[in-house]
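For reference, the chains in residue letters:
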Amino acid sequence: MDYQEILYGVDDGVAVIRFNRPKVYNAITGQMLTELDDAFVRAGADAAVRAIVLTGEGKAFCSGADLAASLAMTPRDAQGRLDPGQALEDFYNPLILKMRALRKPIISAINGIAAGAGANLGLMADLTVCARSAYFLQAFVNIGLIPDAGGTWVLPRLVGLQRAMGMAMLGEKLPAEKALAWGLVWDVVDDEQLLPTALTLAHKLANGPAAALERIKQAIYAGNGSTLEESLQIERRLQGECGHYDEFTEGVSAFLEKRKPVYRKG
């Protein structure tokens, strides 16, 4: 696909995907969502890619849906009423499910505003790092909507019911430092260190044991909806699978030999 609204590049095992509509704070269009979907599929299928960074060009991560573009493409129901839920079904939901099911680690680098669906796309990453000037905004209530792009699912799991309810109902800015204190994100760094920090994390993961990282994602996400007994069974199965990979042998050997493990790439 010839990307018009995102940028895509690969360097030393890390794919970097950037929202690329900086003049409108990377507001989301249907075209952007289609390109993002393609980019994540592309990164997932590329054996040379072992980790992914998602960030925004310019001063913003993503300001949410481009309302003018969204209204123009929003279908109507049989009574002629706007149906914004159809856009979720057609564009957002398939992308969210692809991101969550991707076998490779995803890191979001949140620069500037992350609002509406943009915030929730960022929070669907496995690790989220923020610039100190960044902030989150569940802006949906301000235009008479509910959080989407997985927001009602991810927020209470990250910050608890009260804080999730407050973010959704009040529609107020949540600064990066407060997001860190609430457990919404992994780290907050000075603005100029955001991308270097995210890339350092991504390269560490890219050089790690891919089979184990994939199964860590599976186990932790499955654990969100599992009983203890079910989680123990999931751990038993996935741990058994990890033991079949050369990465396990290499990791144990490196530990015993007091050296850094070297994992096979590709």
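Before reading on, note that the structure itself is shown above.
Overview of the structure. As the structure is a computational prediction, the values presented were derived from the model and not from experiment.

## Digging into the nonpolar core
By size, the foremost hydrophobic cluster in this structure holds 64 residues, and its most contacted members are Ile17, Leu36, Phe40, Ile52, Phe136 and Leu184. Looking at this core element by element, the count peaks at 6 residues for helix α1 (residues 30-45). Non-local contacts of Phe136, meaning those with residues more than four positions away in its chain, are made with Ile110, Ala114, Ala119, Leu123, Thr128, Cys130, Glu172, Lys173, Leu174, Ala179, Leu184 and Val185.

## Topic: the sheet that holds strand β7 (residues 135-137)
An order of β5-β7-β8 is seen for the 3 strands of this open sheet, with the pairing classed as mixed. Each end of this open sheet is capped by a strand with a single partner; those strands are β5 (113-115) and β8 (173-175). Adjacent strand axes in the sheet meet at a mean angle of 20 degrees, parallel and antiparallel pairs treated alike. Sheet topology note: the β5/β7 ladder contains 3 bridges and is parallel. Along β7, the bridge assignment pairs Ala115 with Leu137. Where helix α4 (residues 116-123) meets the sheet, its contacts fall on β5 and β7, and the angle it forms with β5 comes to roughly 100 degrees.

## Some words on the pattern of salt bridges
Applying the stated criterion across every chain yields a total of 12 salt bridges. As a salt-bridge pair, Asp66 and Arg21 come within 3.0 Å of each other at their nearest N and O atoms. One end of the pair, Asp66, is in the loop between β3 (51-56) and α2 (67-73); the other, Arg21, is in the loop between β2 (14-19) and α1, with 45 residues separating them in the sequence. Taking relative accessible area as the criterion, Asp66 reaches 15% and is therefore assigned buried.

What counts, and where the lines are drawn
Numbers given to residues run from 1 along each chain, matching the order in which its sequence is written. Local features are withheld for residues below a pLDDT of 70 in this predicted model, meaning they are given only at 70 or higher, and side-chain atom pairs are given and counted only at 80 or more; totals for whole chains, interfaces and linings count all residues. Working from all heavy atoms in the structure, the side-chain values ignore hydrogens and water. Only buried Ala, Val, Leu, Ile, Met, Phe, Trp, Tyr and Cys residues count toward a nonpolar core, and they belong to the same one when joined by side-chain atoms within 4.5 Å. The cut-offs for exposure are 20% and 50% of the maximum accessible area for each residue type, with area from a 1.4 Å probe on protein chains only; residues under the lower value are buried, those over the upper are exposed, and the others partly exposed. Only DSSP runs of H or I reaching four residues or more are called helices, and only runs of E reaching two or more are called strands; each is numbered from the N terminus. Any pair of residues with heavy atoms lying within 4.5 Å of one another is described as a contacting pair. Between any two strands, pairing holds if DSSP finds at least two bridges. Helix axes are fitted only over the stretch in contact, all axes being lines through C-alpha atoms; the angle between N-to-C directions runs from 0 to 180 degrees. Criterion for a salt bridge: a side-chain nitrogen of Lys or Arg within 4 Å of a carboxyl oxygen of Asp or Glu.

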